[in-house]
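Letter by letter, the chains look like this.
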Amino acid sequence: MFSHLPPYAGDPILSLMEQFQRDERSNKVNLSIGIYTDGRGVVPVLPSVRTAAAAVAEVGAPYVYLPMEGHAAYRQAVAKLLFGADLPSAEHLAIVQTLGGSGALKVGADLIARFFPQPTIWLPDPTWDNHVGIFEGAGFKTERYPYYDAQTKGLNFEGMLAKLDSLPKGAVVLLHPCCHNPTGVDPTRAQWEQIVDVLEKRGLLPFFDLAYQGFAESLDEDIWPVREAVRRQIPFFLSNSFSKIFSLYSERIGALSVFCPQAGQAANVLGQLKLTVRRNYSSPARNGALLVAHVLGDDKLATQWRAEVEEMRVRVRDMRVKLASQLKSAVPDQDFSFLLRQNGMFGYTGLTSTQVDRLREEFGVYAVGTGRICVAGLNDSNVARVAETMAEVLR
Ligand code: PMP
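Per an unreviewed UniProt entry, the protein chain is named Aromatic-amino-acid transaminase, and its organism is Herbaspirillum frisingense. Its UniProt record gives the protein chain a comment under Sequence similarities (unreviewed entry), which states: "Belongs to the class-I pyridoxal-phosphate-dependent aminotransferase family." In its Subunit (unreviewed entry) section, the UniProt entry covering the protein chain states "Homodimer."

Printed below as a string of structure tokens:
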């Protein structure tokens, strides 16, 4: 019956994780997967979430189904967090709870594929690998626009803008509002203004994917391009994830928002989103929604959580500074300042795949073959060794 099924080659990053777990070296370091670990190298349970979990357990509500669109208080709290003072009314905003950021991308992709036949999505080159998997899986053709410039280890802004400016009306364009995965390279505010100008002028359909809100500058600054699209009345999709910024990876909690400038359209969009959910998994899970809704719905806890996000952001920034300065001391003829210009958990190091292999095989330091490292996996106990071993393969 199943003899025609080929073996699954495995996900490149998740396979590295498995290999890391089997590695018996005590000084091994995992910088491959996108997980935030704290200064002790542990995935934190945020104190605000711990308080919320106790409150949720205390209530002990029965495990009834959530509606297709998710938990009402959660959806409201998330909309407020995302849009702040620019929060559109329900006439203009359709928002559903999703299974993490991935679930939001999938529900959005399915909806677009159903109503816009033979869709193409334009992805940054490079992008998070699973963007390709999710959109192609939903029936999209995937294309690329220039993004990373390996020469400058920065943004190829001219290339990006020129490409976007050549796309047909209605073309779907995936944009990372902050902390670009995998490069850590983000447009500046002035560059974003020009990008939004092109989106508006050409009538493109942005699909913003926000997995790291608060890890670049702040919760409000990092979502600026999305809020600017609201101010300019540009329709868009927005997927957001609480995996990293609430450290709730396994709860699979996120949301998909669709902004509809024309009043009244959000009701039908919401209806179709519900149908998409119904056809896929019927309704989302509750626990993550209760935790996030509890934190965001309580002023004191929400303030505490904002400080916890800031603490994570600052810790990762501090690790960038330490890594760059230790690399500079070890390899003085090379420039590592690009590491300081990157945002968020990830960074492109410029290491080749051969150098990455050497790092892993000789030293037990795990990075992704593209040279991507998860800076959030560094801490005071391993950063010196990572810098030394990176220097060793770079020399
Ligand atoms: N988009 C991007 C850019 C990501 O980096 C990730 C997580 N690695 C996701 C979406 C998916 O998030 P989640 O784990 O919440 O599904």
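> Run through the overall build of the protein chain, naming residues and quoting values.
Of the regular secondary structure elements, the protein chain holds 14 helices and 13 strands. Taking 2.2 N^0.38 as the reference for a compact globule, 395 residues should give roughly 21 Å; the C-alpha atoms of the protein chain span a radius of gyration of 21 Å, in line with that estimate. Burial status across the protein chain gives 45% buried among its 395 residues. Counted over contacts in the protein chain with a minimum sequence separation of 6, partners at least 24 positions apart contribute 76%.

> How would you sum up the sheet that holds strand E7 (residues 172–175)? Please name residues and give values.
Within the open sheet, the seven strands sit side by side as E2-E10-E9-E8-E7-E3-E4. Their pairing is mixed. In this open sheet, the two strands that pair with only one neighbour each are strand E2 (93–98) and strand E4 (141–146). Between one strand axis and the next, the sheet turns by 20° as a mean value, whatever way the strands run. One ladder, built from six bridges, connects strand E9 (residues 236–241) with strand E10 (residues 254–259); its direction is antiparallel. Note on E10: the bridge partner recorded for Phe236 is Phe259.

> Would you mind going over unusual backbone geometry in detail, with residue names and values included?
Each neighbour pair has its own omega, and for Asp125 with Pro126 the value is 5°, a cis peptide bond. Note that the residue after Asn181, namely Pro182, is joined by a cis bond; omega there is 20°. Note that Pro182 resides in the loop between E7 and helix H7 (189–202). Look at Cys179: it is not a glycine, yet its phi comes out positive at around 50°. Note on placement: Cys179 falls in the loop between E7 and H7. Taking the C-beta count within 10 Å as the criterion, Cys179 has 26 such neighbours and is therefore assigned buried. Backbone geometry at Ser282 places phi at a positive 75°, although glycine is not the residue there.

> Residues and numbers for the site of the ligand, please.
Around the ligand lies a shell formed by Gly34, Gly100, Gly101, Ser102, Trp128, His176, Asn181, Asp209, Ala211, Ser241, Ser243 and Gly254. Here the shell around the ligand is composed, by residue class, of two nonpolar, nine polar and one charged.

> Explain the UniProt feature "domain: Aminotransferase class I/classII large" (unreviewed entry) in the protein chain to me, and be specific about the residues and the numbers.
Mapped onto this numbering, the UniProt entry annotates "domain: Aminotransferase class I/classII large" (unreviewed entry) at residues 27–388. Strand forms 15% of residues 27–388 and helix 44%; the C-alpha atoms that close the span are 13 Å apart.

> Now, about the nonpolar core: what can you tell me, with residues and values included?
Within the largest apolar cluster, 111 residues are counted, with the highest numbers of intra-cluster contacts made by Val173, Val292, Leu323, Met345, Ala367 and Val375. Here the element with the most residues in this core is helix H11 (residues 299–330); it accounts for eight residues.

> Before we move on, can you summarise the packing of helix H6 (residues 157–164) against H7 with the specific residues and values?
Where H6 meets H7, the axes come as close as 9 Å, and the angle between the chain directions of the two elements is 15°. Between H6 and H7, the crossing angle belongs to the class labelled roughly parallel. Taken as a pair, H6 and H7 cross one another with a handedness that is right-handed. Of the residues in H7, those touching H6 at Phe157, Leu161 and Leu164 are Gln191, Gln194, Ile195 and Val198. For the contact of H6 with H7, the class distribution of residues is five nonpolar, two polar and no charged.

> Please set out the pairing of E2 residue by residue, giving values where relevant.
It is a general feature of regular strands that their side chains alternate between the two faces of the sheet. For E2, a buried count of six out of six residues is recorded, marking the element as mostly surrounded by other parts of the structure. Across six bridges, E2 lies against E10 in antiparallel orientation. Its bridge partner being in E10, Ile95 is matched across the sheet by Ser257.

> Give a description of the confidence of the model for the protein chain that names residues and reports values.
Confidence along the protein chain averages 97 in pLDDT terms, with 100% of residues attaining 70 or more. At the level of chain-chain contacts, confidence expressed as ipTM amounts to 0.99, with global pTM at 0.97.

> Tell me about the environment of Asn268, residues and numbers included.
Looking at where Asn268 falls in the secondary structure, it is placed in helix H9 (residues 265–280). The exposure class of Asn268 is exposed, given the 11 C-beta atoms found within 10 Å.

> Give a detailed account of the environment of Val49, specifying residues and quantitative values.
By the secondary structure assignment, Val49 is in helix H2 (residues 47–59). A residue is classified by how many C-beta atoms lie within 10 Å of it, and Val49, with 25 of them, is buried. The sequence separation of Val49 and Phe246 amounts to 197 residues, and the corresponding C-alpha distance is 7.5 Å. Setting aside anything within four residues of it in sequence, one finds Val49 in contact with Phe246, Ser247, Leu248, Leu291 and Val295.

> Now, about the packing of H2 against H11: what can you tell me, with residues and values included?
Here H2 crosses H11 at 145°, and the two axes come no closer than 8 Å. Facing H2, whose interface residues are Pro47, Ser48, Thr51 and Ala52, H11 presents Leu301, Gln304, Trp305 and Glu308. Partitioning the contact of H2 with H11 into residue classes produces four nonpolar, three polar and one charged.

> Before we move on, can you summarise the environment of Gly371 with the specific residues and values?
In this structure, Gly371 sits in the loop between strand E12 (365–366) and strand E13 (372–374). Each C-alpha atom, one on Gly371 and one on Ser353, is 6.6 Å from the other, the two residues being 18 residues apart in sequence. Once residues within four sequence positions are removed from consideration, Gly371 is found in contact with Tyr348, Thr349, Gly350, Leu351, Thr352 and Val356.

> Could you give me a rundown of helix H14 (residues 383–394), with the residues and numbers involved?
Taking 1.5 Å of rise per residue, the 12 residues of H14 would be expected to cover 16 Å, and the 16 Å separating its terminal C-alpha atoms lies within 8% of that figure. Taken together, the buried positions of H14 are Val383, Val386, Ala387, Thr389 and Met390. Where H14 is buried, its residues touch strand E1 (29–30), H11, helix H13 (353–363) and E12.

Rules used in this analysis
- Residues numbered from 1 in each chain as written.
- Predicted model: local features only at pLDDT ≥ 70, side-chain atom pairs only at ≥ 80, totals over all residues.
- UniProt positions renumbered as here; feature names shortened; annotations may be inferred.
- Helix = DSSP H or I, 4+ residues; strand = E, 2+ residues; numbered from the N terminus.
- Rg over C-alpha atoms; globule rule 2.2 N^0.38 Å.
- Buried ≥ 20, exposed ≤ 12 C-beta atoms within 10 Å, placed from the backbone.
- Contact = placed C-beta atoms within 7 Å.
- Pairing = 2+ DSSP bridges.
- Axes fitted to C-alpha atoms, helices over the stretch in contact; angles between N-to-C directions.
- Near = placed C-beta within 6 Å.
- Nonpolar A, V, L, I, M, F, W, Y, C, P; charged D, E, K, R; others polar.
- Core = buried A, V, L, I, M, F, W, Y, C linked by C-beta atoms within 7 Å.
- Parallel < 35°, antiparallel > 145°, perpendicular 65-115°, else oblique.
- Left-handed = near helix turned anticlockwise from the far one by under 90°.
- pLDDT = per-residue confidence, 0-100.
- Expected span 1.5 Å × (residues − 1).

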